[in-house]
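# A look at the structure
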There are 4 protein chains.
Amino acid sequence: MNTRKGEHCWYIPDGYIPPTSAGQLTSHEAICVLNCNEENTRLEITIYFEDRDPIESILVEVAGKRTKHIKTNELHKEGRTIPLGVPYAIEVESDYPIIVQYSRLDSTQKELALMSTIAYPLK
Amino acid sequence: MNTRKGEHCWYIPDGYIPPTSAGQLTSHEAICVLNCNEENTRLEITIYFEDRDPIESILVEVAGKRTKHIKTNELHKEGRTIPLGVPYAIEVESDYPIIVQYSRLDSTQKELALMSTIAYPLK
Amino acid sequence: MNTRKGEHCWYIPDGYIPPTSAGQLTSHEAICVLNCNEENTRLEITIYFEDRDPIESILVEVAGKRTKHIKTNELHKEGRTIPLGVPYAIEVESDYPIIVQYSRLDSTQKELALMSTIAYPLK
Amino acid sequence: MNTRKGEHCWYIPDGYIPPTSAGQLTSHEAICVLNCNEENTRLEITIYFEDRDPIESILVEVAGKRTKHIKTNELHKEGRTIPLGVPYAIEVESDYPIIVQYSRLDSTQKELALMSTIAYPLK
């Protein structure tokens, strides 16, 4: 059995931050990262769009033996953020092997909706 | 590590376009494609049904370093489109390696429901 | 590239048929199968439970170049069916390689909820 | 074809127990395990957090030829349980190969929401 817990590069083609919320929970997405290594790892996140150049190399640190659930609306690089209501895609690269899951909570209409999937790893 | 970002052939067995919508969002599905290559890639999409012959080789272009979230109700070939309210399945083939995720928003009843999964790749 | 479109054996650990429905859509699950081969294929479905012996070898036919979205509440073998409101799990084996996705629509409360995932293949 | 039905180590980065419920169903998550082997298997579950040390080696038994849908709020080790409303992640290791799927039912607002994904296996 492979002892490397995860992979170095993960993809999420369906990114979308719902522009509105209703009810008591705010619409949001999370890139959920698990770092089973003893060491901290540094993520480089790239955001791809349909009609403009990518935002490249957004840096995020994840401590060793910890998880981090990263809200996509908090990602930023040199003043650029992910616009609301726009289709985009996510690439996550890391120094150490990790596991990545993507989830979205949409409360555009009053009762919330959820979706989630393990991201696609490069092996 | 493999440097090919994705695969050439992807499958989504559970396609279904909800025939009705309620509330402020319209029921729809999306085939979300990420093309990390510098080059544009051409997709060939085949639609399989339960009770009739497939619609083969619907062509879609995805630019290099871009994502495209393709709404399935907009796909068409020689006058054929995907009927609403009918179970079907999707095959996506591409010239360059890509990553594919499938999502559905169903607002048949008033508050929306979401589902999503990374598609199944041929390796 | 592998030319075999899919695998022969697939698993879905989270089966559950919601016992009640509300609103205009009925709670149900579907095992969605895509058979890209020219030939028909025969499925053997096994249902595992938490507290009783499995229902083994339920047979289902899927035509060549077709999809089939199988409702789990319609599966039966020698008078046994899957009880409502009970946790169970699904194994799907087939003569020819196929691709399998699992989806559930839950309308226990008035507005529907959806979940879906590509099943887990044996390779 | 591999005859080993599943893998020994599975990951779920997006764990979260919704702190509140509304309507007739209670918010909860399930780690759904399928053990196709004749033998019973012992799981060792580790829970990772964002800001504190993991809860390691929570033991759970799954009988042979059975499934078990484990509610995460019932897991405990030496008086520690998973707090509600806190992001966490799950690692499941087992003696025998198994298949693992993760699902969450969120009824924070009145109508329920569902999400599910096959967990990520180490191969």
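Keep in mind the model is a prediction, meaning the values are calculated, not measured.

### Describing the overall build of chain A
Secondary structure summary: chain A contains zero helices and ten strands in total. By the compact-globule yardstick of 14 Å for 123 residues, chain A fits well, its C-alpha radius of gyration being 15 Å. For chain A, the spread of C-alpha atoms along the three principal axes comes to 45 × 30 × 20 Å. Burial analysis of chain A (123 residues in total) assigns 60% to the buried set.

### Focus: the pairing of strand β2 (residues 28–35) of chain B
All names here are of chain B. Burial analysis of β2 places seven of its eight residues in the buried class, the great majority of the element. Direction of pairing for β2 relative to strand β8 (residues 88–106): antiparallel, over a ladder of seven bridges. Counterpart to Glu-29 in the pairing with β8 is Arg-104. Taken together, the six bridges between β2 and strand β5 (residues 66–71) define a ladder with antiparallel strand orientation. Directly across from Ala-30, in β5, lies its bridge partner Lys-71.

### Details of the interface of chain A and chain D
Often, the extent of an interface is quoted as the loss of accessible area on bringing the components together. Chain A puts 35 residues into the contact, and the matching count from chain D is 37 residues. Counting each side, the surface lost to burial between chain A and chain D is near 2,800 Å², with a carbon and sulfur contribution of 61%. One salt bridge in this structure joins Asp-53 of chain D and Arg-66 of chain A, with 3.1 Å as the shortest N-O distance. At the boundary of chain A and chain D, one finds ten residue pairs in polar contact (both at pLDDT 80 or more). If you list the elements that add at least two residues to the side of chain A that touches chain D, you get β1 (7–15), β2 (28–35), β5 (66–71), β8 (88–106) and β9 (113–118) of chain A. In terms of residue count, the dominant contributor to the side of chain A that touches chain D is β9 of chain A (six residues). Of the residues in the side of chain A that touches chain D, the class split is 16 nonpolar, ten polar and nine charged.

### With respect to the pattern of salt bridges
Tallied over the entire structure, the rule returns 28 salt bridges over all chains. Notably, a salt bridge pairs Lys-5 of chain B with Glu-91 of chain A, separated by 2.8 Å at the nearest N-O pair. Here Lys-5 of chain B is found in the segment before β1 (7–15), whereas its partner Glu-91 of chain A is found in strand β8 on a different chain. The exposure class of Lys-5 of chain B is partly exposed, given its relative accessible area of 22%. What makes Glu-91 of chain A buried here is its relative accessible area of 2%. Residue Arg-4 of chain B pairs with Glu-7 of chain B through a salt bridge whose shortest N-O separation is 2.9 Å. For Glu-7 of chain B, a relative accessible area of 7% puts it in the buried group. Among the charged side chains, a network of salt bridges with common partners joins Asp-14, Glu-29 and Arg-104 of chain A.

### Here we look at the packing of aromatic side chains
Tallying each qualifying case throughout the model produces eight aromatic pairs over all chains. One cation-aromatic arrangement involves Arg-52 of chain A over Phe-49 of chain A; the distance from NZ or CZ to the ring centre is 5.1 Å.

### Side note on empty space enclosed by the protein
Taken as a whole and assessed by the stated rule, the structure comprises two cavities of 30 Å³ or more. In this structure, the largest cavity occupies an estimated 40 Å³ of space. Lining the largest cavity, in full, are Leu-112, Ala-113 and Leu-114 of chain A, Leu-112, Ala-113 and Leu-114 of chain B, Leu-112, Ala-113 and Leu-114 of chain C together with Leu-112, Ala-113 and Leu-114 of chain D. Elements that contribute at least two residues to the lining of the largest cavity include exactly β9 of chain A, β9 (113–118) of chain B, β9 (113–118) of chain C together with β9 (113–118) of chain D. A class-by-class count of the residues in the lining of the largest cavity yields twelve nonpolar, no polar and no charged. If you go around the second largest cavity, the residues you meet are Leu-114, Met-115 and Ser-116 of chain A, Leu-114, Met-115 and Ser-116 of chain B, Leu-114, Met-115 and Ser-116 of chain C together with Leu-114, Met-115 and Ser-116 of chain D. Of all the secondary structure elements, the ones that give two or more residues to the lining of the second largest cavity are β9 of chain A, β9 of chain B, β9 of chain C together with β9 of chain D.

### Topic: the relation of the copies chain A and chain D
The operation relating the pair of chain copies consists of a rotation about an axis and a translation along that axis. The transformation that overlays chain A on chain D combines an axial shift of 0.0 Å with a rotation of 90°, and the residual RMSD is 0.0 Å. Accordingly, the operation relating the two chain copies is best matched by a four-fold axis.

### Notes on unusual backbone geometry
Of note in this structure, Lys-65 of chain B is not a glycine but carries a positive phi near 55°. Position of Lys-65 of chain B among the secondary structure elements: in the loop between β4 (55–62) and β5. Although it is not a glycine, Glu-78 of chain D adopts a positive phi angle of roughly 50°. Mapped onto the elements, Glu-78 of chain D comes out in the loop between β6 (76–77) and β7 (80–81). A relative accessible area of 76% means that Glu-78 of chain D is categorised as exposed.

### Digging into the confidence of the model for chain A
All names here are of chain A. Averaged over all residues, the pLDDT of chain A equals 92, while 93% of them reach at least 70. For chain A, the element scoring lowest by mean pLDDT is β9, at 91; strand β3 (residues 41–49) scores highest, at 98. Interface confidence for the predicted complex, given as ipTM, is 0.93, next to a pTM of 0.95.

### Details of the environment of Asn-40 of chain C
Take Asn-40 of chain C: it is sitting in the loop between β2 (28–35) and β3 (41–49). For Asn-40 of chain C, the residues in contact, after removing those within four places along its chain, are Asn-35, Glu-61, Val-62, Ala-63, Gly-64 and Tyr-96 of chain C.

### Observations regarding the state of the cysteines
Evaluation of the coordinates by the stated rule reveals zero disulfides over all chains. With no disulfide partner, Cys-36 of chain B has as its closest neighbouring cysteine sulfur the one in Cys-9 of chain A, 7.6 Å distant.

### Regarding the pairing of strand β1 (residues 7–15) of chain C
All names here are of chain C. Within β1, eight of the nine residues are buried, leaving the element largely enclosed by the surrounding structure. For β1 and strand β8 (residues 88–106), the ladder comprises six bridges, and the chain directions are antiparallel. Bridge pairing links Trp-10 to Val-92 in β8. Two strands pair when backbone bridges link them, and β1 and strand β10 (residues 120–121) are joined in this way by two bridges, in the antiparallel orientation. Within β10, the residue paired with Trp-10 across the bridge is Pro-121.

What counts as what
Residues numbered from 1 in each chain as written. Chains lettered and ligands numbered in written order. Predicted model: local features only at pLDDT ≥ 70, side-chain atom pairs only at ≥ 80, totals over all residues. Heavy atoms only, no water. Helix = DSSP H or I, 4+ residues; strand = E, 2+ residues; numbered from the N terminus. Rg over C-alpha atoms; globule rule 2.2 N^0.38 Å. Buried < 20%, exposed > 50% of the residue type's maximum accessible area, 1.4 Å probe, protein only. Pairing = 2+ DSSP bridges. Contact = heavy atoms within 4.5 Å. Buried area = accessible area lost by both parts, 1.4 Å probe. Salt bridge = Lys/Arg side-chain N within 4 Å of Asp/Glu carboxyl O. Polar contact = N/O pair within 3.5 Å; in protein donor to acceptor, adjacent residues only side chain to side chain. Nonpolar A, V, L, I, M, F, W, Y, C, P; charged D, E, K, R; others polar. Phe/Tyr/Trp six-rings, centres within 6.5 Å; stacked < 30°, edge-to-face > 60°. Lys NZ or Arg CZ within 6 Å of the ring centre and 35° of its normal. 1 Å grid on protein atoms, 1.4 Å probe; cavity = no way out; pocket = protein on both sides within 12 Å on 5 of 7 lines; lining within 4 Å. Points joined across faces, edges and corners; volume = space filled by probe spheres on them. Least-squares fit on C-alpha atoms with pLDDT ≥ 70 in both. pLDDT = per-residue confidence, 0-100. Disulfide = S-S within 2.5 Å.

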